[in-house]
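Chain by chain, the residues run as shown.
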Amino acid sequence: MKCLILFISFGLILSLCSIFFVTEAHDVITTKITFSREISRIFYERCISCHHDGGSVFSLMAYPEVRPWAVAIKEEVLSRRMPPWGAVKGFGEFRNDQALTPEQLELITQWVEGGVPEGEAQDLPPQPKFAGDSGTPGPDGLVVSGDFKLDRALKLDGLWPQKVTDDESLQVIAELPTGNVEPLLWLYEYKSKYGHPFLLRTPIDLPAGTIVRGVPPQSSIVLMPATLTPAAEAQDTQR
Ligand code: HEC
């Protein structure tokens, strides 16, 4: 009996040791990439518009805030869930698509797998300020709700989901008077807290008589014009 107890406690000590070694091995730094040098620059550019103090989610600005999320960060960026876009890619072309480049993905992956080193404080870039959004839909925006016929020409610069149910899938097209169809935006798993517009790579000319289809009556999307002539503005208020 004594022998058995001895045997079991010996086994326990052994397994404790191996747990200890495993965590030890995990913390070994095997990469030169650091938070202060490379990773903070990627995050400042691509993540912290949402992930900052007082933002819509937890902050990713400082190393102690980032560290507990390291593994989740790797998973989210590799699966391309972060940074979120909220629309089907390839349906319409947008200049503010914030997808990470393959090089940025590689840096983040190597950094997480290499032990998540912090680096030197002096390498940190200056912290960006948050002076509001890149532009909220102004009064000039045309609010579309339900199928909508343009009574005047519009040079479309972007679309901004104004009232969309979270995770709603919604395909918006413009049916030109010629019968041609322009794909505009296919919202997919968009969440209102992402709060970003979809700015077109090149503005699209929509002649008068164009019908914008695909926005359900209970939702609304703002069409952002590239420019508005005073005459068009006057017409706009008549709607
Ligand atoms: C447009 C806003 C926005 C941007 C930009 C953004 N995120 Fe997020 N992130 C969110 C929101 C909102 C959540 C909460 C989960 C959700 O609702 O999708 C989240 C959740 C997360 C999570 C937690 C996921 C989980 O396990 O619950 C991680 C990790 C993350 N983001 C990492 C990043 C990284 C890294 C970047 C930059 C490469 C980034 N995010 C850019 C809005 C954003």
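Residues numbered from 1 in each chain as written. Predicted model: local features only at pLDDT ≥ 70, side-chain atom pairs only at ≥ 80, totals over all residues.

What follows is about the overall build of the chain. The helix and strand inventory of the chain stands at six helices and eight strands. When the elements of the chain are put in sequence order from the N terminus, they spell out α-α-α-α-α-β-β-β-β-β-β-β-β-α. Relative to its full complement of 239 residues, the chain shows a buried share of 22%. Looking at the chain alone, contacts between residues at least 24 apart form 82% of all its contacts between residues at least 6 apart. (Helix = DSSP H or I, 4+ residues; strand = E, 2+ residues; numbered from the N terminus. Buried ≥ 20, exposed ≤ 12 C-beta atoms within 10 Å, placed from the backbone. Contact = placed C-beta atoms within 7 Å.)

Let us look at the environment of A99. In this fold, A99 is placed in the loop between α4 (70-78) and α5 (102-113). A C-alpha to C-alpha distance of 7.9 Å links A99 and R80, two positions 19 residues apart in sequence.

What follows covers the sheet that holds strand β2 (residues 148-149). Taken in spatial order, the four strands of this open sheet run β2-β7-β4-β5, and their pairing is antiparallel. Unpaired on one side and paired on the other, β2 and β5 (181-187) mark the two borders of the sheet. The sheet contact formed by strand β4 (residues 170-175) and β5 spans six bridges and is antiparallel. Within the sheet, the bridge partner assigned to I173 lies in β5 and is P183. (Pairing = 2+ DSSP bridges.)

What follows is about helix α2 (residues 35-46). Counting along an α-helix, one turn takes 3.6 residues, and residues three or four places apart therefore face a common direction. Its 12 residues place the ends of α2 only 14 Å apart at the C-alpha level, less than the 16 Å of an ideal helix rising 1.5 Å per residue. Along α2, the residues classified as buried are F35, E38, I39, S40 and F43. Looking at the packing, one finds that the buried side of α2 touches α3 (63-66) and α5. (Expected span 1.5 Å × (residues − 1).)

Turning next to the sheet that holds strand β3 (residues 154-163). Pairing is antiparallel in the open sheet, where four strands are placed in the order β1-β8-β3-β6. If you trace the sheet from one side to the other, it starts and ends with β1 (142-144) and β6 (198-206), each paired once. Neighbour to neighbour, the strand axes of the sheet diverge by 35° on average, direction disregarded. Pairing of β3 with β6, which is carried by five bridges, proceeds in the antiparallel orientation. Across the sheet, L156 pairs through a bridge with I204, a residue of β6. (Axes fitted to C-alpha atoms, helices over the stretch in contact; angles between N-to-C directions.)

This part is about the pairing of β3. Pairing geometry for β3 and strand β8 (residues 220-225), over six bridges, is antiparallel. Each residue of the ladder has a partner; that of W160, found in β8, is V222.

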